[in-house]
Amino acid sequence: MDPLRPPGDNFSPPARLRLDTQALSTNTQRAMSSSAHVAIAGATGAVGQEIIKCLEERDFPVGKLTLLASARSAGRKLRFRDSEIEVRELTQDSFKGVDIALFSAGGSLSLEYAPSAASAGAVVVDNSSAFRMDPEVPLVVPEVNPEAAEARPRGIIANPNCTTIITMMGLYPLHRKFGLKSIIASSYQAVSGSGQAGITELRNQVSALSDDRTDIEKRVYPHQIAFNVIPQVDQFLEGGYTREELKMLNEGRKILGLPGLKVTCTCVRVPVYRSHSVSVTAQFESPASVAEAHSAYHGYPGIRVVDDPGNALYPTPLDTTEKDDCLVGRIREDMVLESALALWIVGDQVKKGAALNAVQIAELL
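Residues numbered from 1 in each chain as written. Predicted model: local features only at pLDDT ≥ 70, side-chain atom pairs only at ≥ 80, totals over all residues. Heavy atoms only, no water.

Attention now goes to the overall build of the chain. The helix and strand tally for the chain stands at nine helices and 14 strands. Scaling as 2.2 N^0.38, a compact globule of 365 residues should have a C-alpha radius of gyration of about 21 Å, and the chain matches this with 21 Å. Along the longest, intermediate and shortest principal axes, the C-alpha atoms of the chain span 60 × 55 × 40 Å. The contacts of the chain with a sequence gap of at least 6 include a subset with a gap of at least 24, amounting to 67%. For the chain, the accessible surface area stands at approximately 16,300 Å², while carbon and sulfur atoms represent 48% of it. Positive and negative charge centroids in the chain, built from 37 and 43 side chains respectively, lie 3 Å apart. (Helix = DSSP H or I, 4+ residues; strand = E, 2+ residues; numbered from the N terminus. Rg over C-alpha atoms; globule rule 2.2 N^0.38 Å. Contact = heavy atoms within 4.5 Å. Areas by Shrake-Rupley, 256 points an atom, 1.4 Å probe, with all protein chains shown as cover. Lys, Arg positive; Asp, Glu negative; His and termini not counted. Charge placed at Lys NZ, Arg CZ, Asp CG, Glu CD.)

The N-to-C vectors of helix α4 (residues 162-178) and helix α6 (residues 243-256) enclose an angle of 45°; their axes lie 10 Å apart at closest approach. Taken as axis vectors, α4 and α6 run oblique relative to one another. Of the two elements, α4 crosses α6, and the hand of that crossing is right-handed. In this structure, α4 uses Thr-163, Thr-164, Thr-167, Met-168, Tyr-172 and His-175 to contact α6, whose residues at the interface are Glu-244, Lys-247, Met-248, Glu-251, Gly-252, Ile-255 and Leu-256. Taken together, the residues of the contact of α4 with α6 break down into five nonpolar, five polar and three charged. (Axes fitted to C-alpha atoms, helices over the stretch in contact; angles between N-to-C directions. Parallel < 35°, antiparallel > 145°, perpendicular 65-115°, else oblique. Left-handed = near helix turned anticlockwise from the far one by under 90°. Nonpolar A, V, L, I, M, F, W, Y, C, P; charged D, E, K, R; others polar.)

Next up on the list: the side chain of Arg-269. Take Arg-269: it is sitting in strand β10 (residues 262-269). No salt bridge forms around the buried Arg-269; measuring N to O, its nearest opposite-charge neighbour Glu-244 is 6.3 Å away. A polar contact is formed between the side chain of Arg-269 and the side chain of Ser-194, at a distance of 3.4 Å. (Buried < 20%, exposed > 50% of the residue type's maximum accessible area, 1.4 Å probe, protein only. Salt bridge = Lys/Arg side-chain N within 4 Å of Asp/Glu carboxyl O. Polar contact = N/O pair within 3.5 Å; in protein donor to acceptor, adjacent residues only side chain to side chain.)

Relative to the elements of secondary structure, Val-38 occurs in strand β1 (residues 36-41). Judged by its relative accessible area of 1%, Val-38 is buried. Those residues in contact with Val-38 that sit more than four places away from it in its chain are Leu-55, Phe-60, Val-62, Lys-64, Leu-65, Thr-66, Ile-100 and Leu-102.

Our focus in this paragraph is the pairing of strand β2 (residues 62-69). Taken residue by residue, a regular strand's side chains alternate between the two faces of the sheet. Counting buried positions along β2 yields six of eight residues, so the element is predominantly enclosed. A crossover links β1 with its parallel partner β2, the connecting element being helix α2 (residues 46-57), and its sense is right-handed. Strand direction decides the pairing type here: β2 and strand β5 (residues 88-89), joined by two bridges, are parallel. Bridging across to β5, Ala-69 finds its partner in Glu-89. (Right-handed = clockwise from strand over helix to strand, strands pointing away. Pairing = 2+ DSSP bridges.)

Those residues of helix α7 (residues 290-297) not exposed but buried are Ala-293, Ala-296 and Tyr-297. Considered in projection along α7, the buried side chains sweep an arc of 95° and stay on one side of the axis. Each element contacted by the buried residues of α7 is listed here: α4, β12 (303-305), β13 (326-333) and β14 (340-347). Downstream of α7 by a residue or two, Gly-299 has a phi angle that is positive, lying close to 80°. (Arc of directions from axis to C-beta.)

Here we come to the packing of α4 against helix α9 (residues 351-364). Contact geometry for α4 and α9: axes closest at 8 Å, N-to-C directions at 90°. Taken together, α4 and α9 sit at an angle that is classed as roughly perpendicular. Mapping the contact onto sequence places Cys-162, Ile-165 and Met-169 in α4 and Lys-352, Gly-353 and Asn-357 in α9. The residue inventory of the contact of α4 with α9, partitioned by class, reads three nonpolar, two polar and one charged.

Turning next to the sheet that holds strand β8 (residues 156-158). Taken in spatial order, the six strands make up an open sheet running β5-β2-β1-β6-β7-β8, and their pairing is parallel. Of all strands in the sheet, those with a lone pairing partner are β5 and β8, marking the two edges. In terms of strand pairing, β1 meets β2 through six bridges, oriented parallel. Opposite Val-38, over in β2, you have Leu-65 as the bridge partner. Across the sheet, α2 touches β1, β2 and β6 (100-103), and the angle it forms with β1 is around 155°. α9 contacts β6, β7 (123-126) and β8 of the sheet and is inclined by roughly 165° relative to β6.

A few words now on the pairing of strand β9 (residues 180-189). Summarising the sheet, β9 and strand β11 (residues 276-284) pair through eight bridges and their orientation is antiparallel. Note on β11: the bridge partner recorded for Ile-183 is Ala-282. For β9 and β10, the ladder comprises eight bridges, and the chain directions are parallel. By the bridge assignment, Gln-189 is partnered in β10 with Arg-269.

Okay, here's the thing in structure tokens:
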């Protein structure tokens, strides 16, 4: 059975890739063969190292792995399968012979180096926000819109924002059945979304408060994050929303192909080390019941229902940490909007929200 074709009434699965290999470059054709030369830009970062783990866990057909990072990290050795691979400095000439380049080096470095990788013949999968809204760059969640990866005139495919990925994983099966009309969401985002610095700040603050110290350092966040929640993720823009909040609007519209989708979102940083949670009220074009929603998820890849609140069974961040699947629960009919469901979606933003999604895109090739 096609893993991207879940069973279920009224389900019309997205078309699988039908690539014309005659139109592909030599390097891209080689990426589709039994093994590929894969490069990871930003290999020493948290997401880069998670990508290495995903390649190994999923037995991705890597013929050669090139690890790239800043000059400061060059010379380090990272383990892949049974080998130690030395990290090389990322330069404009790093991508000769590379088939697939997985970027997790930040937006500015993606803008600087991803075009060079594509020009050298590699297919670039970029994890930053640099190209997400570029009309010539597909924005892909493989369980949702794999067919979008087929047309990539710039040779670049973008990974969506982590919160957007997790939310789309929970909503897409419902969208296929009922037709998504609007989203009202609040996210509860782990500190690892700010990288290692966020984890360190939370850990140091908890330690200081446990020792009754008053020297609480605040470098990453504008307020103390330990034993607190901060209703700000990223910078505020005109209108009072943050950039992170508008990503769900803009990226959700692009991924689902719904330019008129209505979205309002509040993103909150919480003192959790890993895995994001999202509370969603989703309104649909047709009436949606809880039973029908449960059936819509049946057999769908990458998302599992954990929904037995009477027995305290519902998703929590710890349930998804370092796991592939996103979880959905607390599904109930909304009491304000018609044809709407309220639900709770949780996923590991380092894994499915970044590294795993990138590797899954590479698998489409």
